[in-house]
Amino acid sequence: MAHVVLKDLVKTYGSFNAVNHVSLTVNDGEFVALVGPSGCGKTTTLNLVAGLIPITSGEIAIGDRVVNDLDPKDRDIAMVFQNYALYPQKSVYKNLAFPLQMRKLPREEIDRKVKDAARVLDMTHLLERKPRELSGGQQQRVALGRALVRDPAVFLMDEPLSNLDAKLRVQMRSEIKRFHQDLKATIIYVTHDQLEAVTMADRMAVMNGGFLQQYDSPAQVFAHPVNMFVASFIGSPAMSLVPLEATTADGETVLTSAEGWILPLSARNARKVAAATSNKIVLGARHSTIKLHKSAVPGAVPAKTYTVEPTGDITFVQAFLAGAIVNISVPPTVAVAPDAAVWLEFDQDRIHLFDGETEMALNAD
Amino acid sequence: MSIAGERPVIPRRSRRQVDGWRWAGRIFLVLMLLYTAAPMAWMLLTSIKSGFAAMQMPPQWWPEEPTLASYAKLLDPQNSVGADFLRFFWNSLFVSTMTTILAVIVAVPAAYAFSRFSFPGRKFLFFAVLLRNMFPAVIFLVPLFILMRVLGLVNTHGSLILTYLTFGLPLAIWLLKGFYDNIPIQLEQAARIDGATRFQAFLLIVMPLSVPGIIATAIYSFIAAWNEYIYAYTFLSKNDQLTLPVGIQRFFSENTTDFPGLMAASFLMSVPVVVLFLVLQRYFVRALTEGAVKH
Ligand SMILES: Nc1ncnc2c1ncn2[C@@H]1O[C@H](COP(=O)(O)OP(=O)(O)OP(=O)(O)O)[C@@H](O)[C@H]1O
Ligand SMILES: [Mg+2]
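Described in the following lines is the structure provided in the data block. (Residues numbered from 1 in each chain as written. Chains lettered and ligands numbered in written order. Predicted model: local features only at pLDDT ≥ 70, side-chain atom pairs only at ≥ 80, totals over all residues. Heavy atoms only, no water.)

Right, let's get into the packing of aromatic side chains. If you walk through the whole model with that rule in mind, you get 21 aromatic pairs over all chains. Judged by centre distance (4.5 Å) and plane angle (50°), the rings of B:Tyr112 and B:Phe202 are tilted. Remark: B:Phe202 occurs in helix α10 (residues 198–209) and B:Tyr112 occurs in helix α5 (residues 80–116); sequence separation between them is 90 residues. Relative accessible area serves as the criterion here: at 10%, B:Phe202 is assigned to the buried category. Pairwise contacts between aromatic rings join B:Phe85, B:Phe89, B:Phe222 and B:Trp226 into one cluster. The ring of A:Tyr87 carries A:Arg146 above its face, with NZ or CZ at 4.5 Å from the centroid. A cation over a ring is seen here: B:Lys177 above B:Phe126, with NZ or CZ 5.1 Å from the ring centre. (Phe/Tyr/Trp six-rings, centres within 6.5 Å; stacked < 30°, edge-to-face > 60°. Helix = DSSP H or I, 4+ residues; strand = E, 2+ residues; numbered from the N terminus. Buried < 20%, exposed > 50% of the residue type's maximum accessible area, 1.4 Å probe, protein only. Lys NZ or Arg CZ within 6 Å of the ring centre and 35° of its normal.)

In C-alpha cells, the structure reads:
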C-alpha cells in the first residue's frame, strides 16, 4: 500500500480543461471518494492517476515514486472501470486470472487467488461463463473481482456499484468497506452517489467543472461546505439557498428579502456578513435545522408551502421563500397542506452564509 | 371512445404493413438469387457436356451424356492444356495469397493506428488513403506500368502483388478501422493496468476481437486479386507467368469451340473462393465484444 500525491494536476482537451490544477494527497491506507456531477472530471482524474492518458501538466506520485512517465503496468495499481471493460472473449475465470498471468505468478497461486476472489464476490458458479452471459450486476462484480485478485499499491474504482440493484449495492458497499479495513488498502473511489461517499470514505474530494472544491472528511464537508456548490451538492435533500440582501437597521446588521421581511442576525453571523464583498448574501440552511410554524412567531419569516412529501418517519415540505425553494423536514405527526401560509424559523447557530458574488462561505474571522 | 381502446389497432395495422414489406423483400431476394445462380448453374451444366452437345440448338437443358472429361483434361499435368491450366492456377493462388497476407500485415497496424492514435496529419492521411479509391482502376494503368518498368518489375508477379495492394489496402484499412473503432478502448486500458504492455494489450486482447474484421479484409483482398484481369493482362506477357483470368481468356481464344472446357475452367476458378468462404464463415460470429462494456 502507498500514499498518492497529486500536485497541480491539469488535463486539457484542446482548449477545454477537464481537470484544473487539482492538488490532493491520499494517505497510505486511506479511502478517498471523488464526488461531483456528471462531466466534472472524475474519470479523467482517475485515468491520469492510472497513466491511461497523458498529463498536460502537474505531478503524480504513488508511494515515493513520481509516476508521470511510467506505464500503467508499472504503476502498481488496479482499476475498476465505469463500464466494466471485461475481456469479452475470456471466461470469468480467465478475466480474473489475466492480471495474475501477466505478472507471471505460478499457476497454483493464480488458481487459488481467483477462487478466493470468486468466493468473496459470490460468483464461484459463474467462473466458466463469458461476460455476455452475465447480468449487469454480475458483470460489475467480475470487474470488481479483477481488481481485488491483485495486491496493488492503490485501488482505483470508477463508480463500481452504479449498476447494481439497491440491495446488492448496500451489500457490496459493506463488502468493499470491509475489504478496505482488512487490507488497509489505499482506495480512490469515484461515485456520484453522495451517500456512498459519505458512508464509505475517510475523506471526500468534491469536484466541479474540473476544479477541486473541497477535500475533507464527510462530516466536515457536510457541516462546513466551503462554497454554495458544495453546500447544494452534498446532503439530501439539498441545502436550501435563499438570496437576500444585507442592510443595517437600528445599527444592527440584518438580512432583508425582496418580499419585505427582515431576518435579524446574531453577532457572530453579523461579523460573517461584514466580510462579504457586497451586500448580496445567500442564506443556507439544511432541512433539519429549519423550524416550521403554522402561525406567525417572532423571528420566523413568512413562506408558502409548495409540496408535501411524507416518507414514513419524516415528512419533507418544500416551501417558497423569497423566490427560492426551501426544504424543511417535519415529524409525520405535523399535518401540513400545500399552498398554505407557514412561518420558518432559522437556527442562528446552524445557518450558513455565503457571499452572493463569490459564492464562497463567509467566516466570522 | 377512449384512447386506450384505440391502441391495439395501431400495432396490428403496422404489423400487416411490415408483413407486406417482408414478402416484397423475399420475392426480391428470390429474383436476385435466380439472377445470380442461373448463369452459374448453366456453367456447371455445360461443363459436364460433350463439346458437341454444348453447341446444339435448341440447347440440351440437361446433358444427355454427362461427362467429366473436361475436368480430367484440365487437372491432368501430362496434358498440355492441363499443364497450362494448373500453372495459371498456381500463379493466381500465389499472387492472391501473397497480396492477402501482405494486405493484412500492413492494414492491421495501420487501421489500429488510425483508430487509436492521434498524430499530426492523421485526418489528411486517412483521406489520402481513401482518395485512391475514388478513381477507376484503369486510370492508373499507364502510370503504374511505367513505375513497374522503372522498378524492373514488369513480367514479375511482384508487380501484380504491389498493384493489388495499392487497390486493396485503402479499403482494407478503412474496413478494419471501423472494427477497431467499435472495440472499446477501456479493454486495452484494463489490460495495460493488469500488466500488459501496449503491444501485449493489442496482441492479447484487441487482435482476437478483430478476427472477424481481419477475415473479412482477407477475403476481400483475396477475391479482388483472384479476379483481377486488366493489370494482369498488361503487366505480364510470358505465358508461364499468367494468372487464371488472363490465362483462361488467352487460352480459349485459341480454342473457341471448347465451351465445356471453358466452363469447367471457370468453375474450377471459383472453387478457392467458395472454399475460402465456407472455411472462414464460422468466424463471422455475432459481435465478439458483446458483454465487454456497459451500454
Ligand atoms: N477524450 C476526450 N476528449 C475531449 N473531451 C473529453 C475527453 N474525455 C473527457 N472529456 C471531457 O472531460 C470532461 C470530464 O469527463 P469525465 O469523463 O472525467 O467526467 P466524469 O466526472 O467521470 O463524469 P461521469 O460522472 O458522467 O462519468 C467532460 O466534460 C468530457 O466531455
Ligand atoms: Mg466518469
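All names here are of chain A. Protein-derived ligands of the magnesium ion (ligand 2) are Thr 43 (OG1) and Gln 82 (OE1), with the metal-ligand distances lying across 1.9 to 2.4 Å. Of this pair, Thr 43 sits in helix α1 (residues 42–50) while Gln 82 sits in the loop between β6 (77–80) and α2 (92–102), and the two are 39 residues apart along the sequence. Thr 43 sits in the partly exposed class, given a relative accessible area of 27%. (Donors = N, O, S within 2.8 Å, 3.2 Å for Na, K, Ca; no water.)

What follows concerns a nonpolar patch on the surface. Nonpolar side chains collect at one region of the surface, where B:Trp90, B:Phe94, B:Met98, B:Ile101, B:Leu102, B:Ile105 and B:Val106 lie side by side and expose about 620 Å² of accessible area between them. Take B:Trp90: it is sitting in helix α5. (Patch = residues over 30% accessible without salt bridge, like charges linked within 9 Å, V, L, I, M, F, W, Y side chains within 5 Å. Areas by Shrake-Rupley, 256 points an atom, 1.4 Å probe, with all protein chains shown as cover. Salt bridge = Lys/Arg side-chain N within 4 Å of Asp/Glu carboxyl O.)

Residue and element names in this part refer to chain A. Strand order in this open sheet of five strands is β15-β19-β16-β17-β18, and the pairing throughout is antiparallel. The open sheet has two free edges, formed respectively by β15 (290–293) and β18 (324–330), since each of these has just one partner strand. Taken over all neighbouring pairs, the strand axes of this sheet differ in orientation by 45° on average, direction set aside. Across four bridges, the pairing between strand β16 (residues 301–310) and strand β19 (residues 341–346) is antiparallel. Looking across to β19, one finds that Val 301 is bridged to Leu 344. (Pairing = 2+ DSSP bridges. Axes fitted to C-alpha atoms, helices over the stretch in contact; angles between N-to-C directions.)

Residue and element names in this part refer to chain A. As a structural note, the neighbourhood of ligand 1 is formed by 13 residues, with Ser 38, Gly 39, Lys 42, Thr 43 and Thr 44 the closest of them. One of the backbone nitrogen or oxygen atoms of Gly 39 is found 2.8 Å away from an oxygen atom of ligand 1. Gln 82 places a polar side-chain atom, nitrogen or oxygen, 2.9 Å from an oxygen atom of ligand 1. In the complex, 62% of the free accessible area of ligand 1, which totals 640 Å², lies under the protein chains. Counting only elements with at least two residues in the shell around ligand 1, the list comes to β2 (16–26) and α1. The element best represented in the shell around ligand 1 is α1, accounting for three residues. Grouping the amino acids of the shell around ligand 1 by side-chain chemistry returns four nonpolar, seven polar and two charged. (Near = heavy atom within 4 Å. Polar contact = N/O pair within 3.5 Å; in protein donor to acceptor, adjacent residues only side chain to side chain. Nonpolar A, V, L, I, M, F, W, Y, C, P; charged D, E, K, R; others polar.)

Function cannot be inferred from these measures alone, as they are strictly geometric.
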